[in-house]
Amino acid sequence: MKCKLSIIKLLLVALTVLAPLAVLAEEAKSPDAPATAPAAVAPAAVPAAAPVAAAPAAAPAAAPKTVDPVLNTGDTAWMLVAAALVLLMTPGLGFFYGGMVRSKNMLSTLMHSYVAMGIVVVQWAVIGYSLAFGPDAFMGLLGDTSKAMMHGLITFKDGAPVFALFQNVTTEPGAIPEYVFSLYQCMFAVITVALISGAIAERIKFSAWCLFVLLWTTIVYDPLAHWVWMVDGWLFKKGALDFAGGTVVHLSSGISALAAIMFLGKRHGFPTERMAPHNLPFTLLGVGLLWFGWFGFNAGSAIVGVNCSDAAGGLAGLAFTTTTIAPAAAGLSWMIAEWIHSGKPSALGFGSGVVAGLVVITPAAGFVEPGAALIMGIIAGVVCYMGVLMKAKFKYDDSLDVFGVHGIGGTTGALLTGVFATVGATGLLSGNVQQFITQLVAIAAAGGYAFIMTLVIAFVLEKTIGLRVEKEDEIIGLDQTQHSESAYN
Amino acid sequence: MKLIEAIIKPFKLDEVKDALNEIGITGITVSEVKGFGRQKGHTELYRGAEYVVDFIPKIKLEIAVADELVAKVVETIENTAKTGRIGDGKIFILPMEEAIRIRTGEKGGEAI
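These notes cover the structure that comes with them. (Residues numbered from 1 in each chain as written. Chains lettered and ligands numbered in written order. Predicted model: local features only at pLDDT ≥ 70, side-chain atom pairs only at ≥ 80, totals over all residues. Heavy atoms only, no water.)

### Structural notes on the overall build of chain A
Note the following rule: Starting at the N terminus, helices and strands are each numbered in turn, a helix being any DSSP run of H or I of at least four residues and a strand any DSSP run of E of at least two. When a residue's accessible area, from a 1.4 Å probe over protein chains only, is under 20% of the maximum for its type it is buried; when over 50% it is exposed; and in between it is partly exposed. Contact definition: two residues touch when any of their heavy atoms are within 4.5 Å. Accessible surface is estimated by sampling points in the Shrake-Rupley manner with a 1.4 Å probe; for residues, cover comes only from the protein chains shown.
Helices and strands together make up the secondary structure of chain A, namely 16 helices and six strands. Scored against the burial criterion, the 489 residues of chain A give a buried share of 57%. Across chain A, contacts joining residues at least 24 apart in sequence account for 78% of those joining residues at least 6 apart. Accessible area of chain A: about 17,900 Å², with a carbon and sulfur share of 71%.

Here it is in structure tokens:
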């Protein structure tokens, strides 16, 4: 009890010190805000995504003047790099998770991430991109199949290739090839489902995981991406703020993790047997790779930023800044919370805090200023630390705390975005109550949908091929029983 | 001849080895071992999950010596391996029937 009080005290102290700073920053900023907004003022306080060549009708109706897209090579160069950075997050995640399992499950855990790179990329090329970012098929819920096999991203005129362009804001010419946009989004789909693997590690059958990856990406991820990021998605139209995927990526994977383990059950021997991480250096290496890749994830998301036609401009710079500040603060706040609560500042704690900070800042990266990023980071570390402790209390076995970090962090981030937003949108602190309510709706809708559909997928898999390995196989380890290999020889 | 077995703290190994070298001991066998004594184990905490580690890592030295050297070796190990804190380890002295050098077939004191 005393420890809990100290954490709360710490949080309060931090808040009281930092809140005025943020308010100051906000006040200083607000007079300029109208001036920096483009004269044309597209009304949407949300990212605009309008793949022009294929879906001109998708442009926001209120946009005053539509201009033709012109390829911006600087933006394209950055987006190519950003896409590669986001891809790197998935191996990073594999090592982050791999270090935390027992050595007999190392390869299995790595494979959960790596095989997602295989399955999701193929799914994305065949149908995923079209379902997520194709023209709307039904009430803002799902794209149609007109871009299956990435159809229409390249056409030929007199034998010469013509590349379709993705224009973020229809009133400004800046555009990148739609191939680049599509592949950038593809990397998000890959890592989102891989995030879930942390909850089901050390006991899921590999075949069941492969099917889960395919089904979950198709049934849960693609629609969610359509809802939130596509101009005709229903949450997009409502004005829900999600800069780089707090709702679509982290909230959805965290909640789905919880749904999946309801069917999967606890690991054999949990929580009495020793299940300590077998290689924390790998985990910390993974944290480094994740943070590095996250710059592509967040700063690259300026491509769908508010009223911003520059993928590599000021908004990307802001997102880069907040993506540095929040995890730094969160690493420290988790470490300090743990120091006070359990006596020692652990390496795993600092690393987990960094990831929590990254998760929380993701939906807000380009909507908040550095002061708010600092506060969000501090909150992230403490809230997710408490989220992880919940596992010990309620005795559910989310092996590597996907719900504790991504579920709770994603929700916290989506809510706080509705509180602190000042750039291109306004939040609760700027008096916009409606935005906060919209965030709540988005959280409930995305979380509810992901939870229910994951239950259905897990139920079907459980009743058909079975989710779990035999008890004996689980005790021997998944590396040997699922892959006939061992990580260390 | 005696076989001296000493269980010591791992970080003391170099110091003990150097000290034994100085008094003319020419061979030691070293193993990494785990166990518990009065020191007991410790607890590890990973994201709130607490695990008790019952066995703590120690170093075991095995030294074969002629009878007249036993006291000196024991004294040397005692002096160098001692920190004064719990968990410094133990020394066991065992009778040894025979020693044989494999290369030459020498036996007894010559083989040590």
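Read on for the rest.
### Things to note about the overall build of chain B
Test applied: The globule rule used for comparison is 2.2 Å times the number of residues to the exponent 0.38, while the radius of gyration itself is calculated over C-alpha atoms. Working convention for charge: Lys and Arg count positive, Asp and Glu count negative, and His plus the chain ends are omitted. Charge coordinates come from a single atom per side chain, which is NZ of Lys, CZ of Arg, CG of Asp or CD of Glu.
For chain B, the helix and strand inventory stands at two helices and six strands. Helices and strands appear in chain B in the N-to-C order β-α-β-β-β-β-α-β. In terms of overall dimensions, chain B is more spread out than a globule: its C-alpha atoms have a radius of gyration of 17 Å, far above the 13 Å expected for 112 residues. The buried share among the 112 residues of chain B stands at 32%. The contacts in chain B between residues at least 6 apart in sequence include a share of 70% that link residues at least 24 apart. Surface summary for chain B: the accessible area is close to 7,200 Å², and the carbon and sulfur share equals 51%. With 17 positive and 19 negative side-chain charges, chain B shows a separation of 5 Å between the mean positions of the two kinds.

### Observations concerning the packing of aromatic side chains
Residues and elements named next belong to chain A. In plain terms, the rule: A pair of aromatic rings is counted whenever rings of Phe, Tyr or Trp (Trp by its six-membered ring) have centres within 6.5 Å, and the orientation is called stacked for planes under 30 degrees apart, edge-to-face for over 60 and tilted otherwise.
Counted under the stated rule, the structure contains 21 aromatic pairs over all chains. A ring pair is formed by Phe243 and Phe367, whose centres lie 5.5 Å apart and whose planes are at 85 degrees; its orientation type is edge-to-face. Of the two residues, Phe243 is situated in the loop between helix H7 (234–238) and helix H8 (246–264) and Phe367 in the loop between helix H11 (347–361) and helix H12 (370–394); the sequence distance between them amounts to 124 residues. Through a chain of ring-to-ring contacts, the aromatic side chains of Trp124, Tyr129, Phe133, Phe166 and Phe181 assemble into a single cluster.

### What to know about the packing of H8 of chain A against helix H14 (residues 433–464) of chain A
Residues and elements named next belong to chain A. Heads up, the condition is: The axes used here are C-alpha line fits, helices contributing only the stretch in contact, and every angle between their N-to-C directions lies in the interval 0 to 180 degrees. When the near helix sits turned anticlockwise from the far one by under a right angle, the crossing is termed left-handed; a clockwise turn instead gives a right-handed crossing. Following the grouping adopted for this structure description, the nonpolar residues are Ala, Val, Leu, Ile, Met, Phe, Trp, Tyr, Cys and Pro, the charged ones are Asp, Glu, Lys and Arg, and the polar ones are all others, Gly among them.
Orientation of H8 relative to H14, taken along the N-to-C sense of each, is 40 degrees, at an axis distance of 8 Å. Remark: the crossing between H8 and H14 carries right-handed chirality. Here H8 contributes Thr247, Leu251, Ser252, Ile255, Ser256, Leu258, Ala259, Ala260, Met262 and Phe263 to the contact with H14, which in turn contributes Ala442, Ile443, Ala446, Gly447, Ala450, Phe451, Thr454, Leu455, Ala458, Phe459 and Glu462. Its residues assigned to classes, the contact of H8 with H14 comprises 15 nonpolar, five polar and one charged.

### Overview of the interface of chain A and chain B
How big an interface is tends to be stated in terms of the accessible area lost upon association of its parts. The condition is simple: Once two parts are put together, the accessible area they lose, assessed with a 1.4 Å probe and summed over both, is termed the buried area. What counts as a salt bridge is simple: a side-chain nitrogen of Lys or Arg found within 4 Å of a carboxyl oxygen of Asp or Glu. Here a polar contact is recorded for every N or O atom pair within 3.5 Å, except that within protein the pair must consist of a potential hydrogen donor and a potential acceptor, and residues adjacent in sequence are included only if both atoms are side-chain atoms.
Taken together, the contact pairs 17 residues of chain A with seven residues of chain B. Contact between chain A and chain B buries roughly 1,000 Å² in total, counting both sides, with carbon and sulfur atoms accounting for 59%. There are two salt bridges connecting chain A and chain B. Across the salt bridge formed by Arg47 of chain B and Asp401 of chain A, the nearest N and O atoms sit 3.0 Å from each other. Taken together, the links from chain A to chain B amount to five residue pairs in polar contact (both at pLDDT 80 or more). Among the elements that line the side of chain A that touches chain B, the one with the most residues is H12 of chain A, at three residues. Here the side of chain A that touches chain B is built from residues that sort into twelve nonpolar, two polar and three charged.

### Brief notes about the side chain of Asp479 of chain A
Residue and element names in this part refer to chain A. Note on placement: Asp479 falls in helix H16 (residues 478–483). In this structure, Asp479 is buried with no salt-bridge partner, the nearest side chain bearing the opposite charge being Lys104 at 10 Å. Here Met106 takes part through its backbone nitrogen, which lies 3.2 Å from a polar atom of the side chain of Asp479. A polar contact of 3.0 Å, which involves the side chain of Asp479, links it to the backbone nitrogen of Leu107. In this structure, Asp479 is in contact with Ser103, Lys104, Asn105, Met106, Leu107, Ser108, Ser484, Glu485, Ser486 and Ala487, ignoring residues within four places of it in sequence.

### Brief notes about the sheet that holds strand E2 (residues 29–35) of chain B
All names here are of chain B. Here is the rule: Strands are treated as partners if at least two bridges between them are detected by DSSP.
Read across the open sheet, the four strands follow the order E2-E5-E1-E6; overall the sheet is antiparallel. Lying at the two open borders of the sheet, with one neighbouring strand each, are E2 and strand E6 (89–95). Averaged over all adjacent pairs, the angle separating strand axes in this sheet is 25 degrees, with direction ignored. In this structure, E2 lies alongside strand E5 (residues 56–65), joined through seven bridges in antiparallel fashion. Each bridged residue has a counterpart across the sheet, and for Val30 the counterpart in E5 is Leu61. The strands touched by helix H1 (residues 13–22) within the sheet are strand E1 (2–8), E2 and E5, with E5 carrying the most contacts at an inclination of about 10 degrees. Set on the sheet, helix H2 (residues 70–81) makes contact with E1, E5 and E6; between it and E1 the angle comes to about 5 degrees.

### Focus: unusual backbone geometry
Trans is the common state for peptide bonds, and a negative phi is the common state for residues other than glycine. All names here are of chain A. Cis geometry marks the peptide bond from Phe270 to Pro271, where omega comes out at 0 degrees. Within the secondary structure, Pro271 sits in the loop between H8 and helix H9 (280–299). The phi dihedral of Asp158 falls on the positive side, at around 55 degrees, and the residue is not glycine. Tracing the backbone shows Asp158 in the loop between strand E3 (154–157) and strand E4 (160–163). Positive phi, close to 75 degrees, is recorded for Glu202, a residue that is not glycine.

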